Amino acid sequence: MREALTDLATWWTGGDSVGVATVVRTYHSAPRPAGAVMLVGPDGSAVGSVSGGCVEGAVYDVATAVRDGAGPTRERYGISDSLAESVGVSCGGIIEVFVDRVDRTTFPEFGELVAAVEAGEPVALATVISGDRAGGHLLVYGETPGEPRRRHGTLGTARLDDAVTDDALGLLSQGQSVVLEYGRDGERRGEGLEVFVDSFAPPPRMIVFGAIDFAAAVAGVGSFLGYRVTVCDARPVFATDRRFPDVDELVVDWPHRYLAGQVAIGALDERTVLCVLTHDPKFDIPLLAVALRLPVGYVGAMGSRRTHTDRLAKLRELGLTEAQLSRLSAPIGLDLGARTPAETAISIAAEIIARQWRGRGRPLSELTGPIHHARLTDESESATPESATLRP
C-alpha cells in the first residue's frame, strides 16, 4: 500500500470513501507481490496496480462497487479461472485480491498508520479478510526495548489481537506481508479466520562510499529502487550538496569509522546494501574489514581484477576468513558492457537485485518456465523451478 498511501490519505482526510483492492496471495509467476494495491477514488480515478494491467478492469469494477456500498470481498484471478480469457493473469500466475472500502468510518485508525509511515516508524497493518469480521483492522507498531507494546484498533477479541500482535511483530522485523490463519478467538491451530498482515518496515538502506561520478549515478538508481541512500566520503571537497543534491544523507567522515558507528547504533540490517566505490586502498581496506563481518545483504567494491587480488591479500592479513571474503562482489556489477557512470550504476543495481532474489542474470529468452522461477534451457545447467530460486 505504501506507493498509494499519499492519495489514499488525501481522500480519507477529506471524508471520501475509496475502494481499495489489495493483493493478499500470489501463486506461480504473479506480476505483483502481496501488498500491492489499486485504489478507486471518489471521482472514479484509479491509482496503483494489482497485476501490471492483466486484470485491472475487472478489479476496478469490483472496487467501484465496494466503494459504493457493497461489502468487502475477496477475488481470485488466474489462468485456471473460467474467465481467464477475459480477466485472466496473462503471465500465467494467480493472485488473490481483497477489496474493501476505506473511509473515516470503516478505518478510523488509518490516520495513525499514515503518521507512523511518514515518521519512518515500523508498523504492520493486520486486516481480517474472511468471514463476518472482514474489514476489521489492527495496527501493530514496532517494538522499542524497555517500552510496552503498542497497537491501535481491534480484530474482535483480545486473544485474537494478542496472537496477531505476536505474529505481526515477527513479520515486521523481516518486512514480510502474508496471510495468517486463526480460530475465531486467536487459536493458533484454529481455522476459519484469515488475517492479512501488511508490513510497513522503513525503507532499506544503501550506503555508497566514495563521492565520485559513479557514486552519484549509483545513488540515483538506489533512490529509484526505494532505498534510503547515504553517500559517505572523507573528502569534503567532493562530498558536497551540489554534487549530491538528492541523496537522503551526505556524510563527511572516514568510511570505516562511519560504518562502525552505524553498527554501534543498530542502524544496519540484513537488507542493507554497501557499495564501495572509493577505489583507494587507504579507504577500501579498513572499510571492507568492517563491512565483510556484518550480516548485511550486499557488499560490492569497485576496482580492476588486479586491484581485487591485492585487496583480498591485504584483507586476509587482517584476519578475514574465506567465507567472509566470498561475500564480496568485486569487481562490482554484472557484465552488461557498461561504460558510462549511468550504465555502470545499472549493472550494479542489476547485481543487487539478482543477489536479493537469487537470480542468475541470464536473458529470460534463454530460460524456460514461469519468468519468476525460470530455468536454463540447457539441461546440464537446468534445475527445477523451486531449486532454481535458491541457487546463488
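Residues numbered from 1 in each chain as written. Predicted model: local features only at pLDDT ≥ 70, side-chain atom pairs only at ≥ 80, totals over all residues. Heavy atoms only, no water.

Our focus in this paragraph is the sheet that holds strand β4 (residues 73–78). Pairing is antiparallel across the open sheet formed by five strands, whose spatial order is β3-β2-β1-β5-β4. The two strands at the open ends of the sheet, each matched to only one other strand, are β3 (46–48) and β4. On average, each strand axis in the sheet is tilted by 20° relative to the strand beside it, whichever way the strands run. Summarising the sheet, strand β2 (residues 37–40) and β3 pair through three bridges and their orientation is antiparallel. Across the sheet, the residue bridging to leucine 39 is valine 47, located in β3. (Pairing = 2+ DSSP bridges. Helix = DSSP H or I, 4+ residues; strand = E, 2+ residues; numbered from the N terminus. Axes fitted to C-alpha atoms, helices over the stretch in contact; angles between N-to-C directions.)

All right, on to the pattern of salt bridges then. As enumerated under the stated definition, the model contains 23 salt bridges in all. Of the charged contacts, one joins arginine 184 and aspartate 132 as a salt bridge, the two residues approaching to 3.2 Å between their closest N and O atoms. Here aspartate 132 lies in the loop between β6 (123–128) and β7 (137–141) and arginine 184 lies in the loop between β9 (178–182) and β10 (193–200), a separation of 52 residues in the sequence. Across the salt bridge formed by glutamate 366 and arginine 362, the nearest N and O atoms sit 2.6 Å from each other. By relative accessible area, arginine 362 is classed as partly exposed at 36%. Here the salt bridges share partners, and the residues they tie into one network are Arg25, Arg74, Arg76, Glu96 and Glu194. (Salt bridge = Lys/Arg side-chain N within 4 Å of Asp/Glu carboxyl O. Buried < 20%, exposed > 50% of the residue type's maximum accessible area, 1.4 Å probe, protein only.)

As a further point, take the environment of valine 273. Of note, valine 273 is situated in strand β14 (residues 273–276). Taking the C-alpha atoms as reference, valine 273 lies 5.7 Å from glycine 297; in sequence the two are 24 residues apart. In contact with valine 273, other than residues within four places in its own chain, are Arg205, Met206, Ile207, Tyr227, Tyr298 and Ile352. (Contact = heavy atoms within 4.5 Å.)

Counting 25 residues, the largest nonpolar core has Phe209, Leu259, Leu274, Leu288, Leu292, Val299 and Leu328 as its most contacted members. Listed by contribution, the elements that provide at least two residues to this core are β11 (205–209), α7 (255–264), β14, α8 (281–291), β15 (298–301) and α9 (305–317). (Core = buried A, V, L, I, M, F, W, Y, C linked by side-chain atoms within 4.5 Å.)

Our focus in this paragraph is the packing of helix α6 (residues 213–224) against helix α11 (residues 341–357). Two quantities define a packed helix pair, namely the angle between the helix axes and the distance between the axes. Between α6 and α11, the least distance of the axes is 8 Å, while the angle of their chain directions is 50°. Of the possible angle classes, the one that applies to α6 and α11 is oblique. Along this stretch, α6 crosses α11, giving a crossing that reads as right-handed. Residue-level inspection shows Asp213, Phe214, Ala217, Val218 and Val221 of α6 in contact with α11, the latter providing Pro341, Ala342, Thr344, Ala345, Ile346, Ile348 and Ala349. Considering only residue class, the contact of α6 with α11 consists of 10 nonpolar, one polar and one charged. (Parallel < 35°, antiparallel > 145°, perpendicular 65-115°, else oblique. Left-handed = near helix turned anticlockwise from the far one by under 90°. Nonpolar A, V, L, I, M, F, W, Y, C, P; charged D, E, K, R; others polar.)

What follows is about the side chain of aspartate 161. Its location among the elements puts aspartate 161 in helix α5 (residues 158–174). Nearest to the buried, unbridged aspartate 161 among oppositely charged side chains is arginine 151, at 4.7 Å. Filtering out sequence-adjacent residues up to four positions away, aspartate 161 remains in contact with Leu138, Arg151, Gly153, Thr154, Leu155 and Gly156. (Lys, Arg positive; Asp, Glu negative; His and termini not counted.)

Here we come to the packing of aromatic side chains. All chains considered together, the criterion is met by three aromatic pairs. Both rings, one in tryptophan 254 and one in phenylalanine 283, keep their centres 5.0 Å apart while their planes meet at 50°; by these two values the pair is tilted. Separated by 29 residues along the polypeptide, tryptophan 254 in the loop between β13 (249–252) and α7 and phenylalanine 283 in helix α8 bring together distant segments of the chain. A relative accessible area of 35% places tryptophan 254 in the partly exposed class. By relative accessible area, phenylalanine 283 is classed as buried at 5%. Over the ring of tyrosine 141 we find arginine 150; its NZ or CZ atom is 4.4 Å from the centre of that ring. (Phe/Tyr/Trp six-rings, centres within 6.5 Å; stacked < 30°, edge-to-face > 60°. Lys NZ or Arg CZ within 6 Å of the ring centre and 35° of its normal.)

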